[in-house]
Amino acid sequence: MRFGPCNPSGTRASTRLAPSNGDRTLRLALVLALPTIALEQFLHTDRWTLAALPLYQALHWFSDSLLALPLAAAGVWAGQRIATRLGLGDSNPLDVVGRACLIALLFALLLVPGAALHEAADRLTHVHAGSATHSHVPLPRRSTGGPRSLARFAGHALSDAFTGQAAGLPLTILALLWGGHGGPLRGTAATKTLEA
Amino acid sequence: MTTRRTFLKLGTAVGAGALIRWQLDPTSGFLFNTVRAFASVGTPQTALVGGSIPRFADPLPTFGGRRIGDASIDVGMFEFQQNVLPNALYAALPAPFNAGTYVWGYQVGTAAPSWPGATIEAQRGRATTVTYVNSLPLDPVLRRYLTIDQTIHWADPLNQMGSFSPFTGPIPAVVHLHGGEDSSLSDGAPEAWFTPDGRHGRGYSTLVATAPNAAVYQYPNGQQATTLWFHDHALGITRLNVFAGLAAFYLIRDEFDTGGSDNPLRLPAGPQEIELMIQDRQFDTNGQLLFPDSPANPSLVDGPPGNPGLHPYWIPEFFGDVICVNGRSWPYLEVEPRRYRFRIVNASNARFFRMGLADSASSAQGPPLWQIGTDGGLLDRPAKLPGLVEPPATDPSPTTRLFLAPSERADIIIDFTGASGRRFTLTNDAQVPFPSGTPLAATDPTRSVMEFRVTLALSGNDTTYDPAGGAPLRGGASQEPIIVRLADPSTGRLAPGVSPRITRQIVLVEGEGPINPFEGLLNNTKWRGIRDRAGNPPDIPVPGSSQDTFGQGIWMTELPQVGSTEVWEFLNLTDDAHPIHIHLIQFQLINRQAVPIDPTTGAPTYTAAWASQFPGGTFAGYTVNPDGSVSWGLVNYPPGTMIPGYGPPHDYLTPNADGALGGNPAFSPFLQGPVLPPMAGEEGWKDTIKVFPGFVNRFVVRWAPQAVAVNGVQPGQNLYPFDPTTGPGYVWHCHILDHEDNEMMRPYLPGV
């Protein structure tokens with residue numbers, strides 16, 4: 001077992017003093033997923049249901065966000081890699097915005113199959129039954145029965161996903177700017193040192 | 001390590017999300033019950049006296065500007081709170097009651113959910129596809145108020161039928177478009193229910209695959225422009241679902257009755273065309289709905305359930321002491337001094353309304369009601385209903401008032417011209433039950449329905465159709481052709497050229513318990529068409545019946561041929577009138593004629609002659625226990641005694657001395673008095689007609705679109721744009737909802 005150097009207060013520091021790439025990815029994924037899913041849910045839930053069952057809706061949102069976290073993480077990871085390869089930096093604000101847009105775009109695309117998984121989860125857990133709730137709970141015109149309805153479903157899901165980015169993207173930009181540095185995913189001296 | 005740790009964290013997050021989601025599942029979760037449910041409320045209720053509620057305190061909710069006319073519409077069923085009583089009353093209540101009365105209602109398209117739901121406005125000749133979604137909560141607040149009796153034959157999603165415990169599972173629902181000419185696959189058959197968690201009745205069907213808690217129906221809208229309404233129709237729970245608010249209007253428009261201010265008929269339109277859904281309700285001191293279910297919450301008229309050993313919570317009829325119009329108690333409507341068109345439905349469980357207008361200040365007679373249409377469309381000419389104050393009707397004697405039984409509709413015009421500054425009360429004087437109930441007391445709050453206040457300034461010259469001129473509504477240029485007459489209302493006879501293929505003679509009876517009836521029966525036959533042996537085998541179908549082919553386990557006796565015309569004669573052997581509704585078709589009343597049924601007169605009665613035909617035997621009935629309580633059991637009926645649920649005394653298909661089917665002794669030897677033609681408001685197309693006690697009530701019915709000429713269809717010929725001979729079938733029933741829920745309904749299916 002390794003211990004890091006003591007900090008000025010004398011307490012033990014660990015290797016987590018600085019967040020790892022994985023941690024940064026997860027945090028960014030959370031920043032992306034929570035508001036995106038929140039906005040989607042808000043737009044798809046009538047106000048009467050929101051008012052009647054606020055805690056239920058909050059738990060529903062939190063659970064959906066956690067379930068979508070792998071998709072958001074994948075979006076962050078892939079977006080960062082592509083941005084780096086495209087030569088986008090992590091300090092220039094314009095580069096950061098571009099980086100965030102890439103991440104949001106990938107997350108939105110991943111949310112299309114995610115919508116199908118979400119619908120399956122809704123069916124499995126009778127979300128439509130628990131309360132008067134989501135209007136995007138399966139309706140026949142959105143069934144995946146034929147190519148046309150499949151395309152309609154995908155289009156709807158994509159539209160939803162992009163709409164959700166209205167909340168996710170700004171927060172992702174802020175997180176990247178504030179947290180500095182989406183940074184390279186591997187090979188920085190700092191992370192290598194910490195992980196050694 | 002980073003990768004492993006990251007994936008571990010991701011996995012934990014997903015696991016937590018899945019756990020939360022699992023526990024949110026209302027069918028399996030146990031952690032978040034309080035989160036899923038609305039704020040807990042207790043069931044004990046203290047009745048709010050209807051007479052103590054201020055009347056005419058709030059404006060009438062209207063649907064103008066928010067009718068839904070799309071070809072494809074989503075209709076959800078929701079629970080929510082709505083101000084039904086005066087706003088000031090809620091302000092004084094604690095939470096959560098101060099947010100309104102819990103109701104169930106339809107969310108129609110993009111309109112907000114409401115009771116009644118927003119009106120659907122369909123165009124003749126253009127189909128409307130509706131996706132009905134049962135989004136009621138699994139643990140609805142109202143289920144704690146509206147006790148669901150499982151001892152009546154009902155939808156029974158959890159297979160608990162017969163239990164004396166109230167039902168606590170998911171609410172079954174299905175929607176029927178009342179008066180619609182549509183396929184039985186879209187008719188909302190009683191067994192076609194579906195629950196919020198996706199359970200289905202054996203008659204369930206959907207036009208296209210959909211979510212398990214939904215069904216897709218299609219209405220061809222091939223019939224004439226008229227006022228329809230849609231409401232819940234689930235087996236054995238309709239009375240509670242409709243009481244809770246699951247009802248809305250459905251208007252069919254055509255090129256004449258367009259709904260626009262430039263409509264060729266010049267009927268009042270726009271803000272001057274208003275739907276009125278009239279319903280009686282009872283409330284508690286928290287402003288919540290009260291449905292009598294026990295001695296703690298007794299009915300105003302019938303008392304607590306009279307036979308708790310048979311049906312612990314069901315009551316024969318619900319009568320409330322608060323009149324609601326469009327989901328508001330005793331509302332008012334501000335009008336201009338001009339003509340208005342009102343599309344009225346009596347959507348009450350059991351209350352009849354006989355209405356007129358009276359000056360609110362002086363009680364003097366107000367303007368007449370001009371009836372221009374009935375259930376199935378416009379009349380040929382307007383009928384003047386002066387609305388005179390009359391003694392309570394005890395028979396079908398003509399009335400000058402607007403007389404509507406549950407589910408009957410009327411299209412009326414009121415002319416407020418010259419009445420600026422005056423107020424008029426829409427009055428009611430129908431006794432409950434009708435007609436055997438006592439006359440309404442002078443102070444009875446149900447004597448008033450709503451108020452019209454002629455307080456708005458005239459916004460322009462009134463050039464609309466004036467019914468006082470008597471000009472025809474049909475048969476002219478830019479008008480619908482005159483009504484195809486199957487019956488001649490002037491003579492009370494069949495119209496020339498009408499040749500009924502079959503005459504059926506059917507009796508209406510009640511199973512009498514020690515206190516009050518425990519069920520109503522059509523032709524003494526239960527819903528399933530099985531002679532009731534209290535669960536003891538063998539099941540014996542009523543002779544002459546055929547089993548349905550949709551797998552619903554029901555036996556049908558009325559199997560008319562599509563395209564054929566028949567006469568159905570209903571002899572009502574009970575004390576009260578029953579509004580009889582036949583699905584799929586619009587039909588016409590031929591006449592009524594008295595038959596003696598009262599044994600106290602000493603004269604021979606049909607009832608006695610009918611009962612004498614029963615052969616006796618051991619069948620279900622009630623037994624009185626030593627402690628005085630009553631319970632179900634097998635009863636040995638001696639010959640010559642009516643056996644409830646046995647069916648008619650003879651084979652249904654063997655013609656009687658009148659040549660009529662139905663399995664009953666002939667009516668003709670008992671006919672008395674003159675033939676009474678239809679009343680003024682009954683002379684058009686009807687889908688619900690009052691069947692008066694002690695009378696044979698004769699309907700002429702035809703299984704063809706209403707616009708088809710008298711000889712325009714032959715037996716076996718299907719002129720509908722769909723096949724009415726397939727699917728779960730249709731029903732005919734008493735539209736007193738408490739009756740139709742408890743056996744007073746029969747399935748039927750047209751054949752080829």
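Residues numbered from 1 in each chain as written. Chains lettered and ligands numbered in written order. Predicted model: local features only at pLDDT ≥ 70, side-chain atom pairs only at ≥ 80, totals over all residues. Heavy atoms only, no water.

### Re the overall build of chain A
Helix and strand counts for chain A come out as seven helices and zero strands. When its helices and strands are written in sequence order, chain A yields α-α-α-α-α-α-α. Relative to its full complement of 196 residues, chain A shows a buried share of 44%. For chain A, the share of sequence-separated contacts (at least 6 apart) that also reach a separation of at least 24 residues comes to 74%. (Helix = DSSP H or I, 4+ residues; strand = E, 2+ residues; numbered from the N terminus. Buried < 20%, exposed > 50% of the residue type's maximum accessible area, 1.4 Å probe, protein only. Contact = heavy atoms within 4.5 Å.)

### Concerning the pattern of salt bridges
Residue and element names in this part refer to chain B. Scanning the entire structure with this criterion turns up 38 salt bridges over all chains. Between Glu121 and Arg253 there is a salt bridge, and its shortest N-O distance comes to 2.8 Å. With Glu121 in strand S4 (residues 117-123) and Arg253 in strand S9 (residues 247-253), this residue pair connects regions lying 132 residues apart in the sequence. The exposure class of Arg253 is buried, given its relative accessible area of 0%. One salt bridge in this structure joins Arg338 and Glu336, with 3.1 Å as the shortest N-O distance. (Salt bridge = Lys/Arg side-chain N within 4 Å of Asp/Glu carboxyl O.)

### Quick notes on the side chain of Lys686 of chain B
Residues and elements named next belong to chain B. Along the chain, Lys686 turns up in the loop between strand S36 (672-676) and strand S37 (688-691). Only 3.4 Å separates the side chain of Lys686 from the backbone oxygen of Thr688, close enough to count as a polar contact. Once you skip the residues sitting within four places of it in the chain, Lys686 turns out to touch Thr374, Asp375, Glu408, Ile585, Gln586 and Phe587. (Polar contact = N/O pair within 3.5 Å; in protein donor to acceptor, adjacent residues only side chain to side chain.)

### A closer look at the pairing of strand S31 (residues 565-572) of chain B
Residues and elements named next belong to chain B. Here S31 lies mainly inside the structure; eight of its eight residues are buried. Burial along S31 is two-sided: the face carrying Thr565, Val567, Glu569 and Leu571 and the face carrying Glu566, Trp568, Phe570 and Asn572 are both buried. One ladder, built from seven bridges, connects S31 with strand S38 (residues 695-702); its direction is antiparallel. What sits directly across from Leu571, in S38, is Val696. (Pairing = 2+ DSSP bridges.)

### Describing unusual backbone geometry
All names here are of chain B. Here the bond from Ala95 into Pro96 is cis, since omega is 0 degrees, no more than 30 degrees from zero. By the secondary structure assignment, Pro96 is in the loop between helix H3 (87-91) and strand S3 (101-108). Here the residue pair Phe434 and Pro435 is connected by a cis peptide bond, since its omega of 0 degrees sits within 30 degrees of zero. Here Pro435 shows up in the loop between strand S21 (423-428) and strand S22 (448-453). Residues other than glycine seldom take positive phi values, yet Phe56 does so here, at roughly 60 degrees. The residue Asn159 is not glycine, and still its phi comes out positive at about 55 degrees.

### A few points about helix H3 (residues 54-85) of chain A
All names here are of chain A. The end-to-end C-alpha distance of H3, which contains 32 residues, comes to 44 Å, matching closely the 46 Å that a straight helix rising 1.5 Å per residue would cover. Of all the bends in H3, the greatest reaches close to 45 degrees and is centred on Leu69; the proline Pro70 follows between one and four positions later. Remark: Gly87 follows H3 within two positions and exhibits a positive phi of approximately 85 degrees. (Expected span 1.5 Å × (residues − 1). Bend = angle between axes of the 7 residues up to and from the residue.)

### Examining the pairing of strand S10 (residues 273-281) of chain B
All names here are of chain B. Where burial is concerned, most of S10 is hidden: nine out of the nine residues are buried. Alternating positions in S10 separate into two faces, Glu273, Glu275, Met277, Gln279 and Arg281 on one and Ile274, Leu276, Ile278 and Asp280 on the other, with burial throughout. Summarising the sheet, S10 and strand S15 (residues 339-346) pair through six bridges and their orientation is parallel. Within the sheet, the bridge partner assigned to Glu275 lies in S15 and is Arg343. Across four bridges, the pairing between S10 and strand S12 (residues 322-325) is antiparallel. Paired with Gln279 across the two strands is Cys324, which belongs to S12.

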